[in-house]
Amino acid sequence: TLDNEVFKVTRGSGMGLRHSGETADAALANSMEFGTIDAPGLLKGYDICQYHRFKDDIFILCKGKAKGDKFINRLKANSGFYSLKVEQESFEAVQMLDLETSIIDKSFRIFVKPKPSSLSSPLSDESYHPPKVHINWPKAYIQRIFVIILLR
């Protein structure tokens, strides 16, 4: 912190540290995904067509709700101290990160659409993130939107 205080993280990986995202990502993969999403035929057995995760956001495309729910329950059972929450399910459209994926005329369409829980305002200066995070936040947010638009 600015006054040179040091805090010991006793649970999780801390926030704002260089290794925090990668540590949390590796822990979730190790506890929940290994032996599940990488097992030959397992996804197919649950009728899972696509499984994508970015940090703690997961996008699952499945053929049917019943088997999809069973798959999600399996992930929850293996997730350890991570608490998985299904934010949205639909037969028409879902949001993930700052995108909305819709089914239109039997094909997928992707639109830029920030979700309500998106960080659309700067972090508090009391968040203990390094000063450069606070200084670069506006520029990084704008760049992220342009990257999303270009990837469409």
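As a reminder, the structure under discussion sits directly above these lines.
Source: prediction; values computed, not measured. (Residues numbered from 1 in each chain as written. Predicted model: local features only at pLDDT ≥ 70, side-chain atom pairs only at ≥ 80, totals over all residues. Heavy atoms only, no water.)

Visitor: Residue-level account of the environment of Ala93, with values.
Guide: Inspection of the secondary structure assignment puts Ala93 in strand β3 (residues 93-96). Residue Ala93 is classed as partly exposed on the basis of its relative accessible area, which comes to 21%. Sequence separation between Ala93 and Arg109 is 16 residues; the distance between their C-alpha atoms is 9.2 Å. Non-local contacts of Ala93, meaning those with residues more than four positions away in its chain, are made with Gln88, Glu100, Thr101 and Ser102. (Helix = DSSP H or I, 4+ residues; strand = E, 2+ residues; numbered from the N terminus. Buried < 20%, exposed > 50% of the residue type's maximum accessible area, 1.4 Å probe, protein only. Contact = heavy atoms within 4.5 Å.)

Visitor: Please give an account of the packing of aromatic side chains that cites residues and values.
Guide: Counted according to the given criterion, the structure contains 2 aromatic pairs. When the ring of Tyr51 is compared with that of Phe71, the centres are 6.0 Å apart and the planes differ by 85°; the resulting orientation is edge-to-face. Of this pair, Tyr51 sits in strand β1 (residues 48-54) while Phe71 sits in helix α3 (residues 65-78), and the two are 20 residues apart along the sequence. Through a chain of ring-to-ring contacts, the aromatic side chains of Tyr46, Tyr51 and Phe71 assemble into a single cluster. (Phe/Tyr/Trp six-rings, centres within 6.5 Å; stacked < 30°, edge-to-face > 60°.)

Visitor: So what about the pattern of salt bridges? Which residues, and what values?
Guide: If you walk through the whole model with that rule in mind, you get 6 salt bridges. Between Lys67 and Asp47 there is a salt bridge; the shortest N-O distance is 3.8 Å. Here the residue Lys67 occupies a position in helix α3, and Asp47 occupies one in the loop between α2 (42-45) and β1, the gap between them amounting to 20 residues. Assessed through its relative accessible area of 38%, Lys67 is described here as partly exposed. Glu100 is the salt-bridge partner of Lys113, the closest N and O atoms lying 3.2 Å from each other. Separated by 13 residues along the polypeptide, Lys113 in the loop between β5 (107-112) and α4 (131-151) and Glu100 in strand β4 (residues 99-104) bring together distant segments of the chain. The class of Glu100 is buried, set by a relative accessible area of 17%. Linked through salt bridges whose partners overlap, the residues forming this network are Asp25, Glu33 and Arg53. (Salt bridge = Lys/Arg side-chain N within 4 Å of Asp/Glu carboxyl O.)

Visitor: Give a detailed account of the environment of Lys85, specifying residues and quantitative values.
Guide: Here Lys85 is to be found in the loop between α3 and β3. Between the alpha carbons of Lys85 and Ile72 there is a distance of 9.5 Å; along the sequence they are 13 residues apart.

Visitor: An account of unusual backbone geometry is needed here, citing residue identities and associated values.
Guide: You will see that Asp105, though not glycine, has its phi angle at about 50°, which is positive. Of note, Asp105 is situated in the loop between β4 and β5. Classification of Asp105 as exposed rests on a relative accessible area of 70%. With a phi angle near 65°, Lys106 is a residue other than glycine that sits in the positive phi range.

Visitor: I'd like a rundown of the environment of Thr101, residues and numbers included.
Guide: Tracing the sequence through the fold places Thr101 in strand β4. With relative accessibility at 17%, the residue Thr101 sits in the buried group. The sequence separation of Thr101 and Phe111 amounts to 10 residues, and the corresponding C-alpha distance is 6.6 Å. Not counting chain neighbours up to four residues away, the residues in contact with Thr101 comprise Phe59, Glu92, Ala93, Val94, Phe108, Arg109 and Ile110.

Visitor: So what's going on with the sheet that holds β5? Which residues, and what values?
Guide: What the 3 strands build is an open sheet, ordered β3-β4-β5; its pairing is antiparallel. Since the sheet does not close on itself, it has two edges, and those belong to β3 and β5, each with one partner. If you compare each strand with its neighbour and ignore which way they point, the axes differ by 25° on average. (Pairing = 2+ DSSP bridges. Axes fitted to C-alpha atoms, helices over the stretch in contact; angles between N-to-C directions.)

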